[in-house]
Amino acid sequence: AQKVTQAQTEISVVEKEDVTLDCVYETRDTTYYLFWYKQPPSGELVFLIRRNSFDEQNEISGRYSWNFQKSTSSFNFTITASQVVDSAVYFCALRKRRRGSEKLVFGKGTKLTVNP
Amino acid sequence: SAVISQKPSRDICQRGTSLTIQCQVDSQVTMMFWYRQQPGQSLTLIATANQGSEATYESGFVIDKFPISRPNLTFSTLTVSNMSPEDSSIYLCSVGRVEETQYFGPGTRLLVL
């Protein structure tokens, strides 16, 4: 069975602080995809990144960076110099890399509050 | 990524009634999905809707309660039938092509009194 654990339920930081959101996953599949989505207070789910299980390169996009470590089954997300607009619930998700197995398994989410 | 719209954006309904939620995409997509997000919770897949075939439901969800239509490659509906307060949730549709990222619609916020 697949499982995603986001141990941090809520995080509160002051603007310009760096913050890391943790994601640990479990799967028996050797190939899979990992995702991060952002859900602002308006409710829509915004796609941030997708990672293939065979690609362990870290990724940086502006103030966002992701650290994928297969050895520890972790896919952590860091926001550098956080801003108030980063306040949202962030979800990590896992999916098998197999035709017909498109179901996303989500973690419980981490609510990030960035205070001015 | 596709542009996805949902109607209604929110609704307040009485218990025992039904609500049909529409999901429209601006391009043809193979797969459409319906998720439920109960208050303060994560997202759970209700069913996968592929055009030309019956929807595939996840464990715990049944067609009588959540009938789904997928008449073409750009549109789907989800009906929440015989509603109870426990059905109060955000319902989100998502779309994706095989092996590709799923993108989500803005969601429908449902409150059942």
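Data block above holds the structure.
Notes on the structure follow.

## Some words on the sheet that holds strand S3 (residues 19-25) of chain B
Residue and element names in this part refer to chain B.
Phase 1 of the analysis: Reading across from one edge, S1-S3-S8-S7 is the order of the 4 strands in this open sheet, with antiparallel pairing throughout. If you trace the sheet from one side to the other, it starts and ends with strand S1 (4-7) and strand S7 (68-72), each paired once. Each strand axis lies, on average, 15° off the axis of its neighbour in the sheet, ignoring direction.
Phase 2 of the analysis: Note: S1 against S3, 4 bridges, orientation antiparallel. In the sheet register, Ile4 faces S3, and the bridge partner there is Val25.

## Overview of unusual backbone geometry
Phase 1 of the analysis: Cis rather than trans, the peptide bond between Lys7 of chain B and Pro8 of chain B has omega equal to -10°.
Phase 2 of the analysis: Counting through the fold element by element, Pro8 of chain B comes out in the loop between S1 and strand S2 (10-13).
Phase 3 of the analysis: Of note, the phi angle at Ser73 of chain A is positive, near 50°, even though the residue is not glycine.
Phase 4 of the analysis: Looking at the element boundaries, Ser73 of chain A is found in the loop between strand S8 (64-69) and strand S9 (74-79).
Phase 5 of the analysis: With phi around 45°, Asn82 of chain B is a residue other than glycine that occupies positive phi space.
Phase 6 of the analysis: Assignment of secondary structure puts Asn82 of chain B in the loop between strand S8 (75-80) and strand S9 (89-96).

Cut-offs applied
Position numbers for residues start from 1 in each chain and track the written sequence from start to end. The order in which chains are written sets their letters, starting at A; the order in which ligands are written sets their numbers, starting at 1. Given that this is a predicted model, residues contribute local features only at a pLDDT of at least 70 and side-chain atom pairs are listed and counted only at 80 or more, while totals for whole chains, interfaces and linings are drawn from all residues. By convention in this description, side-chain values take in all heavy atoms of the structure and omit both hydrogens and water. Paired strands are those between which DSSP finds at least two bridges. Segments assigned H or I by DSSP are reported as helices when at least four residues long, segments assigned E as strands when at least two residues long, and all are numbered from the N terminus. Every axis corresponds to a line fitted to the C-alpha atoms, with the helix fit spanning only the stretch in contact, and the corresponding angles, defined between N-to-C directions, vary from 0 to 180 degrees.

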